[in-house]
Amino acid sequence: MSSIYLHIPFCKQACHYCDFHFSTSLKHKDAMVQAICKELEMRKEELPNKVENIYFGGGTPSLLNSKDLDSIFNTIYKNFSISEEPEITLEVNPDDIRKRVLEDFKSVGINRISLGVQSFFEEDLRLMNRAHNAKEAKESIELIKTHFDNFSIDLIYGMPAMSNSRWEENISIALNYDIPHLSCYALTVEPKTALERFIEKEVIPPIDDELAASHFDILYHILTSKGFEHYEFSNFGKHGFYSKNNLAYWTGKPYLGIGPSAHSYNGNEKRQWNIKNNVKYIKSISSNSLPNTSEILTKSDQYNEFVMTRLRLKNGINLEELKTRFGQNYFDYFILHIQPHLDEERLEIYKNHAYVTPNAKFLSDGIASDLFNIDFQG
Ligand code: SF4
């Protein structure tokens, strides 16, 4: 299984918390689409097997029109072997959604929509500087439902001044729309963002980790009681609606990242990433040079990634797989370091898999970092 990720680096305005790569000027959009097509051609040999997932992320891919998408799809289908029923996701923002736009997305082959709602409350949307309002968020869900069965919405929790009851209300509004998949993220303060500056200047109160943990708890209990499966730390899906793209990513399958700032992984030991600058990216591609940097992961890096990504998954860490892939030394190291977490019931072992217990889910990444190998390079 392989995936193609396409980074569309344009947004209407900058959300205060965001550190993804994007430009708010669409001046270079046509040249960018051409460069993305050319990069796809230049890297057509890099994926080892059939493409099962295509994911348009960003930035804001819903700023692409059907002509842009046609060019990209024609290039993909001409240069790659695509499985018969690929999952093809496009991230959209509510302010871009119209009936005609959704029809266009469907006609070019998009079969899954990921909608960036973030909150159904104006106060939160203003704090985050989102380009849409709550009414647009609700109307766009109604419209998406009439065109796509497979769709997801993103919500953000742990925002300053977001009470538990407002968070519960956000979840309950989402559930009223009978949404099959939700991705929910804790608000984090990334360096050099407007959010960081506002917190430093005390315009906005700092992020409260305990509040985020309590929001996660509420989320986990409500959604799992309503038939959602918590298949990955940030992702909840009804049966049959897991994101295949997310799962491929979290289980270490190869993916090709196209566009400025996009990361790629060969499923083994090599990662690479493109330059984070639209003009330099376009210039480099037009002169037939790939603007990327790469690194070779050591065995210890691969083990750490394996532990971190698998612990976020519902199925946890398969101990047999860990031993086969990394050998006895790494296995022994893992078993030694999980003991305190087993004693404190943050982890459990069941049918030869190590899982994070429901009460410790919010701590998954912290537990994983306790298990990272820093002592030896086996
Ligand atoms: S729309 Fe998405 S990518 Fe663009 S600034 Fe907002 S969060 Fe970042």
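Residues numbered from 1 in each chain as written. Predicted model: local features only at pLDDT ≥ 70, side-chain atom pairs only at ≥ 80, totals over all residues.

1. Observations concerning the site of the ligand
Move 1: Taken together, C11, A14, C15, C18, F20, F22, G58, G59, T60, N93 and G116 form the complete shell of residues around the ligand.
Move 2: The residue inventory of the shell around the ligand, partitioned by class, reads 6 nonpolar, 5 polar and no charged. (Near = placed C-beta within 6 Å. Nonpolar A, V, L, I, M, F, W, Y, C, P; charged D, E, K, R; others polar.)

2. Focus on helix α10 (residues 278–286)
Move 1: Listed in full, the buried residues belonging to α10 are N278, Y281 and I285. One face of α10 carries all of its buried residues, which in axial projection span an arc of 65°.
Move 2: Where α10 is buried, its residues meet α1 (29–42) and β11 (270–274).
Move 3: Positive phi shows up at N288, right after α10, with a value of about 65°. (Buried ≥ 20, exposed ≤ 12 C-beta atoms within 10 Å, placed from the backbone. Helix = DSSP H or I, 4+ residues; strand = E, 2+ residues; numbered from the N terminus. Arc of directions from axis to C-beta. Contact = placed C-beta atoms within 7 Å.)

3. Some details on the nonpolar core
Generally speaking, a soluble globular protein has its nonpolar side chains buried in company with each other.
Move 1: If you look at the biggest cluster of nonpolar residues, it comprises 69 residues, and the most contacted ones within it are I4, I36 and Y157.
Move 2: Looking at which element gives the most residues to this core, the answer is α1, with 6 residues.
Move 3: Once residues lying within four places of it in the same chain are set aside, the contact partners of I4 are V51, I54, I76, Y255, L256 and I258.
Move 4: V307, F326, I338 and A354 belong to the second-largest nonpolar core, a separate cluster that totals 17 residues. (Core = buried A, V, L, I, M, F, W, Y, C linked by C-beta atoms within 7 Å.)

4. A closer look at unusual backbone geometry
Move 1: For the bond running from G58 to G59, omega is 20°, close enough to zero to count as cis.
Move 2: On the secondary structure map, G59 appears in the loop between β2 (51–58) and α2 (66–79).
Move 3: Positive phi values are uncommon outside glycine, yet A161 reaches one of about 75°.
Move 4: Structurally, the position occupied by A161 is in the loop between β5 (151–157) and α6 (164–176).
Move 5: Residue A161 is classed as exposed on the basis of its 12 C-beta neighbours within 10 Å.
Move 6: In this structure, E345 takes a positive phi of about 60° despite not being glycine.
Move 7: Within the element layout of this structure, E345 appears in the loop between α13 (328–343) and β14 (347–350).
Move 8: Under the C-beta neighbour-count criterion, E345 is labelled exposed, with 10 such atoms within 10 Å.

5. Remarks on the environment of I36
Move 1: Residue position: I36 is located in helix α1.
Move 2: For the pair formed by I36 and Q13, sequence separation is 23 residues and the distance between their alpha carbons is 22 Å.
Move 3: The residues contacting I36, other than those within four sequence positions of it, are L6, I72, I258 and G259.

6. Some thoughts on helix α11 (residues 299–311)
Move 1: Taking 1.5 Å per residue, 13 residues should reach 18 Å; α11 reaches 18 Å between its end C-alpha atoms and fits that length.
Move 2: Within α11, the full set of buried residues consists of Y303, F306, V307, R310 and L311. Down the axis of α11, the buried side of the element spans an arc of 105°, and every buried residue falls inside it.
Move 3: Each element contacted by the buried residues of α11 is listed here: β13 (317–318), α12 (319–326), α13, β15 (353–356) and α14 (364–371). (Expected span 1.5 Å × (residues − 1).)

7. Here's the deal with the domain arrangement of the protein
Think of interface size as the accessible area that goes away when the parts come together; that is how it is often given.
Move 1: We note that the domain assignment places domain 1 (2–250) and domain 2 (299–371) within the protein.
Move 2: The gap between the C-alpha centroids of domain 1 and domain 2 is 28 Å.
Move 3: Between domain 1 and domain 2, the residue contacts involve 10 residues of the former and 7 residues of the latter.
Move 4: Counting residues per element, the ones that place at least two in the side of domain 1 that touches domain 2 are α8 (209–225) and β7 (229–232).
Move 5: Residue composition of the side of domain 1 that touches domain 2, grouped by class: 6 nonpolar, 1 polar and 3 charged. (Domains from an automatic or database assignment.)

8. Re the environment of M32
Move 1: Residue placement: M32 occurs in helix α1.
Move 2: Between the alpha carbons of M32 and I374 there is a distance of 41 Å; along the sequence they are 342 residues apart.
Move 3: The residues touching M32, leaving out its near neighbours within four places in the chain, are P9, N278 and I282.

9. Thoughts on the pairing of β15
Move 1: Bridge count between β13 and β15: 2 bridges; the pairing is antiparallel. Paired with I317 across the strands is A354, a residue of β15.
Move 2: Alignment of β14 against β15, held across 4 bridges, turns out to be antiparallel. Bridged to Y350 within β15 is H353.
Move 3: Between the antiparallel neighbours β14 and β15 lie 2 residues, among them K351 with a positive phi of about 45°. (Pairing = 2+ DSSP bridges.)

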